[in-house]
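The chain contents come next:
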Amino acid sequence: MSEQQRLNNAKNEIAAFGDMYNRMVKQCFEKCVEHFHDSELSLGENTCLDRCVGKYVESQQKVGEQMSKVSAQMQQQQM
Amino acid sequence: MGWWPDALNPLKKGSRPMSQKQYEQKRQIMMLTGEVEAMGDMFTRMNRQCYQKCMAAAVVDGSARSDELSLDDEKCLESCAVKFVATQNLVGEAFLSANQDEAAKMQM
């Protein structure tokens, strides 16, 4: 792979990570933080956020695996 | 990430070689710009989320008294802002540690 291609790959990877981070923050905030009478995160909310991050990353991996399987199948069918 | 400083890209046609000091300066400018952009982005997100959480329901119902923020609204928005920032930090840390675990596993 040429140097330019590697640079582009790295750029895309960083952009993808940043995007995933933003989406994760939005989702986990929506799901875990409900009440605003206190301005500090409660213990429950903290736990919820930890679990949310774990589940989000895991589901992303699973979906990625499935997608690569499906696209491999599709490519085989086309050939 | 739509803005990539071509001035820092040594592979871009026509870029001149830079001294170490110049490189450092440009890198710092790039980092500061990125930081300001991230702050603005976070502000926009926080705005939207906190409006949705604290005020959207009341406005749609019609129960919100017009034009002014009630004391409840203010308190809710302040808590929301603090919690949003805390969430971002927490998620960032958890994300980073999860990534590092994964990278360590892949190397083994």
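Residues numbered from 1 in each chain as written. Chains lettered and ligands numbered in written order. Predicted model: local features only at pLDDT ≥ 70, side-chain atom pairs only at ≥ 80, totals over all residues. Heavy atoms only, no water.

(A) The side chain of Asp73(B), seen in detail. Checked against the element boundaries, Asp73(B) lands in helix 3 (residues 71-107). For Asp73(B), a relative accessible area of 17% translates into the label buried. (Helix = DSSP H or I, 4+ residues; strand = E, 2+ residues; numbered from the N terminus. Buried < 20%, exposed > 50% of the residue type's maximum accessible area, 1.4 Å probe, protein only.)

(B) Up close: the state of the cysteines. All names here are of chain B. Applying the stated rule across the entire model yields 4 disulfides over all chains. The disulfide that involves Cys50 links it to Cys80, with 1.9 Å between the sulfurs. Note on the Cys50 and Cys80 pair: the S-S dihedral is about -90°, so by sign convention the disulfide is left-handed. Of the two residues, Cys50 is situated in helix 1 (residues 20-54) and Cys80 in helix 3; the sequence distance between them amounts to 30 residues. Judged by its relative accessible area of 5%, Cys50 is buried. With its sulfur 1.9 Å from that of its partner, Cys54 forms a disulfide with Cys76. The S-S bond linking Cys54 to Cys76 shows a torsion near -85°; that makes this disulfide left-handed. Separated by 22 residues along the polypeptide, Cys54 in helix 1 and Cys76 in helix 3 bring together distant segments of the chain. (Disulfide = S-S within 2.5 Å.)

(C) Representation of the nonpolar core. Among the nonpolar cores identified, the biggest contains 24 residues, and Met24(A) and Phe36(A) are the most heavily contacted of them. Secondary structure elements with two or more residues in this core: helix 1 (3-32) and helix 2 (43-78) of chain A together with helix 1 and helix 3 of chain B. With 7 residues, the single largest contributor to this core is helix 3 of chain B. When residues no more than four places from it in sequence are discounted, the contact partners of Phe36(A) are Phe29(A), Lys53(B), Cys54(B), Lys75(B), Cys76(B), Ser79(B), Cys80(B) and Lys83(B). (Core = buried A, V, L, I, M, F, W, Y, C linked by side-chain atoms within 4.5 Å. Contact = heavy atoms within 4.5 Å.)

(D) Spotlight on the packing of aromatic side chains. One pass over the full model with this rule turns up 4 aromatic pairs over all chains. Between Tyr21(A) and Phe95(B), the ring centres sit 6.3 Å apart and the planes meet at 20°, which makes this aromatic pair stacked. Of this pair, Tyr21(A) sits in helix 1 while Phe95(B) sits in helix 3, each in a different chain. Three or more aromatic residues joined by ring pairs make a cluster, and in this case those are Phe17(A), Tyr21(A) and Phe95(B). (Phe/Tyr/Trp six-rings, centres within 6.5 Å; stacked < 30°, edge-to-face > 60°.)

(E) A look at the environment of Val53(A). Relative to the assigned elements, Val53(A) resides in helix 2. Among residues more than four places away in sequence, those in contact with Val53(A) are Met24(A), Cys28(A), Val91(B), Ala94(B) and Phe95(B).

(F) View of the interface of chain B and chain A. Taken residue by residue, the interface counts 27 residues in chain B and 31 residues in chain A. With both sides pooled, the region where chain B packs onto chain A buries about 2700 Å², and carbon together with sulfur makes up 69% of that total. When the buried area of chain B at its contact with chain A is split by residue, Lys53(B), Lys83(B) and Phe95(B) rank highest and sum to 26% of it. For the interface between chain B and chain A, the tally reads 2 salt bridges. Between Lys83(B) and Glu45(A) there is a salt bridge, with the nearest N and O atoms lying 3.1 Å from each other. Our count for the chain B to chain A interface comes out at 8 residue pairs in polar contact (both at pLDDT 80 or more). Going through the elements one at a time, helix 1 and helix 3 of chain B are the ones with two or more residues in the side of chain B that touches chain A. It is helix 3 of chain B that contributes the most residues to the side of chain B that touches chain A, 17 residues altogether. Of the residues contributing to the side of chain B that touches chain A, the split by class is 13 nonpolar, 8 polar and 6 charged. (Buried area = accessible area lost by both parts, 1.4 Å probe. Salt bridge = Lys/Arg side-chain N within 4 Å of Asp/Glu carboxyl O. Polar contact = N/O pair within 3.5 Å; in protein donor to acceptor, adjacent residues only side chain to side chain. Nonpolar A, V, L, I, M, F, W, Y, C, P; charged D, E, K, R; others polar.)

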